[in-house]
Amino acid sequence: MVQEPSLSISELEWLRLRVVGSRQHFGVPGSLVGRSMMMRPVSQEHLLRSGTRVSAIGASWTVIASTAGIVLGVTENSLALLAFGAVGILDVVGSVTLVGHFVHARAHGAMSEHLERLALRVVTAGLVAVGIATAVASVLRLVEHARGNGSALGVVLAGVSCLALTGFSLRKRYVAVRLPSVALLADSRLSAIGALLAVVAVGGTAATQAFGWWWADPVAALMIAIIAGWLGVVMARAPLSDP
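Worth saying up front: this structure is predicted, and the values here are computed from it rather than measured.

The rules behind these values
- Residues numbered from 1 in each chain as written.
- Predicted model: local features only at pLDDT ≥ 70, side-chain atom pairs only at ≥ 80, totals over all residues.
- Heavy atoms only, no water.
- Phe/Tyr/Trp six-rings, centres within 6.5 Å; stacked < 30°, edge-to-face > 60°.
- Buried < 20%, exposed > 50% of the residue type's maximum accessible area, 1.4 Å probe, protein only.
- Core = buried A, V, L, I, M, F, W, Y, C linked by side-chain atoms within 4.5 Å.
- Helix = DSSP H or I, 4+ residues; strand = E, 2+ residues; numbered from the N terminus.
- Polar contact = N/O pair within 3.5 Å; in protein donor to acceptor, adjacent residues only side chain to side chain.
- Contact = heavy atoms within 4.5 Å.
- Axes fitted to C-alpha atoms, helices over the stretch in contact; angles between N-to-C directions.
- Parallel < 35°, antiparallel > 145°, perpendicular 65-115°, else oblique.
- Left-handed = near helix turned anticlockwise from the far one by under 90°.
- Nonpolar A, V, L, I, M, F, W, Y, C, P; charged D, E, K, R; others polar.
- Salt bridge = Lys/Arg side-chain N within 4 Å of Asp/Glu carboxyl O.
- Patch = residues over 30% accessible without salt bridge, like charges linked within 9 Å, V, L, I, M, F, W, Y side chains within 5 Å.
- Areas by Shrake-Rupley, 256 points an atom, 1.4 Å probe, with all protein chains shown as cover.

Trainee: Sorry if this is basic, but what is going on with the packing of aromatic side chains here?
Mentor: Any pair of aromatic rings gets described here by the distance separating the centres and the angle formed by the planes. Counted according to the given criterion, the structure contains 2 aromatic pairs. On the basis of an interplanar angle of 15 degrees and a centroid distance of 5.5 Å, the ring pair of Trp 213 and Trp 215 is categorised as stacked. Residue class for Trp 215 comes out partly exposed when judged on its relative accessible area of 37%. Clustering of aromatic rings is evident, with ring pairs tying together Phe 211, Trp 213 and Trp 215.

Trainee: Can you help me understand the nonpolar core in this one?
Mentor: Nonpolar side chains tend to gather and get buried jointly when the protein is soluble and globular. Ile 193 and Leu 197 are the most contacted members of the largest nonpolar core, which has 41 residues in total. Those elements that place two or more of their residues in this core are α2 (44–76), α3 (79–108), α4 (113–144), α5 (152–178), α6 (182–211) and α7 (216–236). Tallying contributions element by element places α6 first for this core, with 12 residues.

Trainee: For this particular structure, what's the right way to read the side chain of His 101?
Mentor: In this fold, His 101 is placed in helix α3. For His 101, a relative accessible area of 1% corresponds to the buried category. One polar contact links His 101 to Glu 116, side chain to side chain, over a distance of 2.7 Å. Once you skip the residues sitting within four places of it in the chain, His 101 turns out to touch Met 111, Ser 112, Leu 115 and Glu 116.

Trainee: Help me understand the packing of α5 against α6 in this model?
Mentor: Between two packed helices, the angle of one axis relative to the other and the distance separating the axes together describe the packing. In the contact formed by α5 and α6, the axes pass within 8 Å of each other and the chain directions differ by 160 degrees. Between α5 and α6, the angle falls in the class roughly antiparallel. Note on packing geometry: the crossing formed by α5 with α6 is left-handed. Classifying every residue of the contact of α5 with α6 by side-chain character gives 14 nonpolar, 7 polar and 4 charged.

Trainee: Help me out: how do you make sense of the pattern of salt bridges in this one?
Mentor: Opposite charge on two side chains makes pairing possible when the charged atoms of those side chains draw close. Counted by the stated rule, this structure contains 4 salt bridges. A salt bridge links Arg 49 to Glu 45, with the nearest nitrogen and oxygen atoms 3.5 Å apart. Taken as a pair, Arg 49 and Glu 45 lie in helix α2 at a separation of 4 residues, close to a single helical turn. Take Arg 49: its relative accessible area is 31%, and that puts it in the partly exposed class. Among the ionic contacts, a cluster of salt bridges with common partners joins Glu 45, Arg 49 and Arg 106.

Trainee: Please clarify how a nonpolar patch on the surface should be interpreted in this entry.
Mentor: Together, Ile 70, Val 74, Leu 82, Ile 89 and Val 93 line one region of the surface with nonpolar side chains, adding up to about 370 Å² of accessible area. The set of elements that each furnish at least two residues to the nonpolar patch consists of α2 and α3. No other element matches the 3 residues that α3 contributes to the nonpolar patch.

Trainee: How do you make sense of the packing of α2 against α5 when you look at a structure like this?
Mentor: Two elements in contact, α2 and α5, have axes whose closest approach is 10 Å; the angle formed by their N-to-C orientations is 155 degrees. By the criterion of interaxial angle, the relationship of α2 to α5 is roughly antiparallel. Relative to α5, the crossing made by α2 is left-handed. Tallied by class, residues from the contact of α2 with α5 come to 14 nonpolar, 7 polar and 4 charged.

Structure (structure tokens):
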């Protein structure tokens, strides 16, 4: 018979520590991740700082881009650029409200339901207002067969704004889901509407210049208007505790 090697007490203890350590690092057998690979929970203080930061930076950028969009929209007779500028102004109002909301939450250590509801009302009212105004202007443009005059400057502004607003929208959504904050989630969708309108502005200008499709700009803007109004109504009815 072959005699099995015996282990001393110190060797057994060393082996036990190695097994426990490997389980903590790589995970127990059959698990997908170990302790060092698990996602660490993000503190509410960090999320509030992130919400304040993205709202403030987004508002600063949107003031500049929206003002330029409105000026170019009037100059070039572009409905999509006008709607883009209007969405931006309302997005700024919502973002400023959210900054105040998050600063108050950081100072008092808790989210205020009153301020959360106020911020949500500001943002959703903006969505509905932009949807109605853009829809009316789109229908009038279609009835009158009005043609916009696009320019390279307007296309550049819309293209850069689309990228920026998409980034702001994704970041706001990330923070909103984890806080949670229905108001910030609604604001992320308002930023997404602005990004879509920027795409519409680029597409409408290109279609008009390349194919002579004068109706492309108002039709696309009308579709965005319907989505914006629908989102505003849906978000206004959403419970504050479930973003």
